[in-house]
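# Structural features, examined
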Amino acid sequence: MTLSLPSSRIALQAKDNSLEALERAWRRVADEHTMIRRGGRITEVSPTHFRVRGLSDVARLGDMVEHRSRAGIRHGEIVQITPADVLVAPFERSGDAGVGDVVIDLGPFTILPHDSWRGRAIDALARPIDGGPHLAQGDPDEAALITQPPALARQRVGTGFQTGVKVIDIFTPICFGQRLGIFAGSGVGKSTLLAMLAAASAFDTVVVALVGERGREVREFLEDTIGPQCMAKTVAVVSTSDESAMMRRRAPDTAMRVAEHFRLKGDRVLLILDSITRFAHALREVATGTGEPPVARGYPASVFTELPKLLERAGPGAEGSGSITAIISVLIDGDDHNDPVADSVRGILDGHVVLDRAIAEQGRYPPVNPLASISRLAPRAWSDDQRTLVTKLKAMISRFESTRDIRLLGAYQPGADAELDAAVKQVPLIYEAMTQTPRDRASADAFADLARHLKPKERPHVSPQG
């Protein structure tokens, strides 16, 4: 039996109305401002990740998700998408995820830095951890303005500044907008040197990212090493070693985002990241959890893609904005300077300062090896006379160190080599002049201090009869 014409029209109209109603319902769910969100359910749980079915068609890499379980509301990030499900890496270290739990897609993660964040300590998700009031939020429209300037739109780097650390200002001077690496093994003194650099008065704002640090040392570092005076202009982003890999992975990005906010406002920003190696370890842990194969000493290829993406965001901004001077700590695993992370970072940065364990064992601090350290922008910070002097100083130090074994064996005879005689006489004085601790006064003119130290001491006049 066929339907009559009026009945067919009624059926088609009802079908169209149903589709329109379904479309309206879908638009309400897809709208980012609605209270209704797309969700899915957990189908598989591992110690570091869990899989969620029902979000593949709307999820994007990097989206934040909200996980609702018996322990409360947790958060994670989508790190892999397949046609069947998505893989989520949680921010909290917890084993409370269960099969069937609801997971809601919250969209991309954004933070809105505000000028009032100076003097505060926050975590990788921009939540206060110092017991202070809630953080004020910046202008949402600013997020669209903060982008990495194209290579030819950046300002040129060419203005040097005094850090107050004599060995740095003489041998590896730094310019505004430069990216410099501090390469050192564990326990050599890189954190102390970073704190001395953070005290430089040339900057309007300091952003410190402590990634994978020991929890008990964070408060000591901020209160004692950084100090209350410098902390007043500092934003500290902290992710300790006991936090999840996702928090340690997110912390440098949050710190860079805060630094970019102040650069956009025209500030000269100092960004200190300690350490990029622990950031790479977090990247490795997340990547291997997604099944990515290792290619270099256990590091997947994506690690070496993320490193330049982060570090290239530092540097000078576009015309009319400020600059981000980045001091990056590189932890040398096993004192091996050919470690893949160290080798990759060395090629990205604009110079490197090498801290030598043997120098530290001699009691010389900061234990900088001036022969192995280099600043690619040093010629723009030195005057012609300073460049000539530093070249002679390095040649003298090289001669002194290369003949150390011969002198220890007693084969050195004064008077046989005038250059070696000068090195034996002057280099110990140079080393003594470079010694500096955080308690010492910052040097206003490192070259003048060195000249005063090398100047022959005046001896009292003695009469021939005396």
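Residues numbered from 1 in each chain as written. Predicted model: local features only at pLDDT ≥ 70, side-chain atom pairs only at ≥ 80, totals over all residues. Heavy atoms only, no water.

Turning next to the packing of aromatic side chains. Overall, the coordinates contain 5 aromatic pairs when judged by the stated rule. Pairing Phe-161 with Phe-203 gives two aromatic rings, centres 4.9 Å apart and planes at 80°, and the pair type is edge-to-face. Of this pair, Phe-161 sits in strand E8 (residues 160-161) while Phe-203 sits in the loop between helix H3 (190-198) and strand E11 (205-213), and the two are 42 residues apart along the sequence. The pair Phe-161 / Phe-203 is uniform in exposure class, with both members buried. Through pairs of rings, three or more aromatic residues link up here, namely Phe-161, Phe-176 and Phe-203. The residue whose ring lies beneath Arg-268 is Phe-176, and the NZ or CZ to ring-centre distance is 3.9 Å. Above the ring of Tyr-431, the side-chain terminus of Arg-364 is found at 3.5 Å from the ring centroid. (Phe/Tyr/Trp six-rings, centres within 6.5 Å; stacked < 30°, edge-to-face > 60°. Helix = DSSP H or I, 4+ residues; strand = E, 2+ residues; numbered from the N terminus. Buried < 20%, exposed > 50% of the residue type's maximum accessible area, 1.4 Å probe, protein only. Lys NZ or Arg CZ within 6 Å of the ring centre and 35° of its normal.)

Quick look at the sheet that holds strand E4 (residues 72-81) now. Spatially, E1-E2-E5-E4-E3-E6 is the arrangement adopted by the 6 strands of the closed barrel, whose pairing is antiparallel. Geometrically, the sheet is characterised by an average inter-axis angle of 45° between neighbouring strands, direction not taken into account. Sheet topology note: the E4/strand E5 (residues 85-90) ladder contains 5 bridges and is antiparallel. Note that in E5 the partner of Glu-77 across the bridge is Ala-89. Set on the sheet, helix H5 (residues 245-264) makes contact with E4 and E5; between it and E4 the angle comes to about 75°. (Pairing = 2+ DSSP bridges. Axes fitted to C-alpha atoms, helices over the stretch in contact; angles between N-to-C directions. Contact = heavy atoms within 4.5 Å.)

If you look at the biggest cluster of nonpolar residues, it comprises 54 residues, and the most contacted ones within it are Ile-170, Phe-171, Ile-182, Leu-222, Ile-327, Leu-355 and Met-434. Not counting residues up to four positions away in its chain, the partners in contact with Ile-327 are Ile-174, Leu-180, Ile-182, Leu-194, Leu-197, Leu-270, Leu-271, Ile-272 and Leu-273. Grouped together as the second largest cluster of nonpolar side chains are 52 residues, Val-235, Val-237, Ala-251 and Ile-276 included. (Core = buried A, V, L, I, M, F, W, Y, C linked by side-chain atoms within 4.5 Å.)

Right, let's talk about the packing of helix H7 (residues 301-311) against helix H8 (residues 340-348) for a bit. Orientation of H7 relative to H8, taken along the N-to-C sense of each, is 35°, at an axis distance of 10 Å. At the point where H7 passes H8, the crossing takes the right-handed sense. Contact with H7, carried on its side by Phe-304, Leu-307, Pro-308 and Leu-311, involves Pro-340, Val-341, Ser-344, Val-345 and Ile-348 of H8 and no other residues of that element. The residue makeup of the contact of H7 with H8, split by class, is 8 nonpolar, 1 polar and no charged. (Left-handed = near helix turned anticlockwise from the far one by under 90°. Nonpolar A, V, L, I, M, F, W, Y, C, P; charged D, E, K, R; others polar.)

On to the environment of Ala-126. In this fold, Ala-126 is placed in the loop between strand E7 (121-122) and E8. According to the relative accessible area criterion, Ala-126 is buried, its value standing at 13%. Not counting residues within four places of it along the chain, the set of residues in contact with Ala-126 comprises Ile-111, Trp-117 and Leu-135.

We now examine the pairing of E11. Summarising burial for E11: 9 of the 9 residues are buried, a large majority. When E11 meets strand E13 (residues 268-274), the two strands line up parallel, connected through 6 bridges. Paired with Val-206 across the strands is Leu-270, a residue of E13. Sheet analysis places E11 next to strand E12 (residues 234-240), joined by 7 bridges and oriented parallel. The residue of E12 that forms the bridge with Val-206 is Thr-234. Once the chain exits E11 it traverses helix H4 (residues 215-231) before rejoining the sheet at E12, and the crossover so formed is right-handed. (Right-handed = clockwise from strand over helix to strand, strands pointing away.)

Further remarks concern the pattern of salt bridges. Using the criterion set out here, one finds 25 salt bridges in the structure. As a salt-bridge pair, Asp-343 and Arg-346 come within 3.2 Å of each other at their nearest N and O atoms. Of this pair, Asp-343 and Arg-346 are both found in helix H8, 3 residues apart, which corresponds to roughly one turn of the helix. What makes Arg-346 buried here is its relative accessible area of 18%. (Salt bridge = Lys/Arg side-chain N within 4 Å of Asp/Glu carboxyl O.)

What follows deals with helix H14 (residues 446-454). Residues of H14 that are buried: Ala-446, Phe-447, Asp-449 and Leu-450. Projection of H14 onto a plane perpendicular to its axis shows the buried side chains occupying an angular sector of 160°, all on one side. On its buried face, H14 sits against helix H2 (166-171), helix H11 (384-402) and helix H13 (418-434). At the N-terminal boundary of H14, the capping side chain belongs to Asp-445, with an oxygen 3.3 Å from the backbone nitrogen of Phe-447. (Arc of directions from axis to C-beta. Polar contact = N/O pair within 3.5 Å; in protein donor to acceptor, adjacent residues only side chain to side chain.)

A few words now on the confidence of the model for the protein. Residues at a pLDDT of 70 or more form 91% of the protein, whose mean pLDDT is 88. Contacts for the low-pLDDT stretch residues 458-466, under 50 throughout, to residues beyond four places or in other chains number 0 contacts. (pLDDT = per-residue confidence, 0-100.)

This part takes up helix H6 (residues 276-289). Relative to the 20 Å expected for 14 residues at 1.5 Å per residue, H6 spans 20 Å between its end C-alpha atoms, a close match to the ideal helical length. Listing the buried residues of H6 in full gives Ile-276, Thr-277, Arg-278, Phe-279, Ala-280, Ala-282, Leu-283, Val-286 and Ala-287. Downstream of H6 by a residue or two, Gly-291 has a phi angle that is positive, lying close to 95°. (Expected span 1.5 Å × (residues − 1).)

The subject of this paragraph is the pairing of strand E17 (residues 323-331). In terms of burial, E17 is a largely internal element, 9 of the 9 residues being buried. Residues of E17 alternate between two faces, with Ser-323, Thr-325, Ile-327, Ser-329 and Leu-331 on one and Ile-324, Ala-326, Ile-328 and Val-330 on the opposite face, all of them buried. Where strand E10 (residues 179-184) meets E17, 6 bridges bridge the pair, whose relative direction is parallel. Directly across from Ala-184, in E17, lies its bridge partner Leu-331.

This part takes up the packing of H6 against H7. Running from amino to carboxyl end, H6 crosses H7 at an angle of 135°, the nearest separation of the two axes being 9 Å. Taken together, the axes of H6 and H7 are oblique relative to one another. The interaxial crossing formed by H6 with H7 has right-handed handedness. When H6 is examined against H7, the residues Ile-276, Phe-279, Ala-280, Leu-283, Arg-284 and Ala-287 are found in contact with a partner set consisting of Ser-302, Val-303, Glu-306, Leu-307, Leu-310 and Leu-311. The residue makeup of the contact of H6 with H7, split by class, is 9 nonpolar, 1 polar and 2 charged. (Parallel < 35°, antiparallel > 145°, perpendicular 65-115°, else oblique.)

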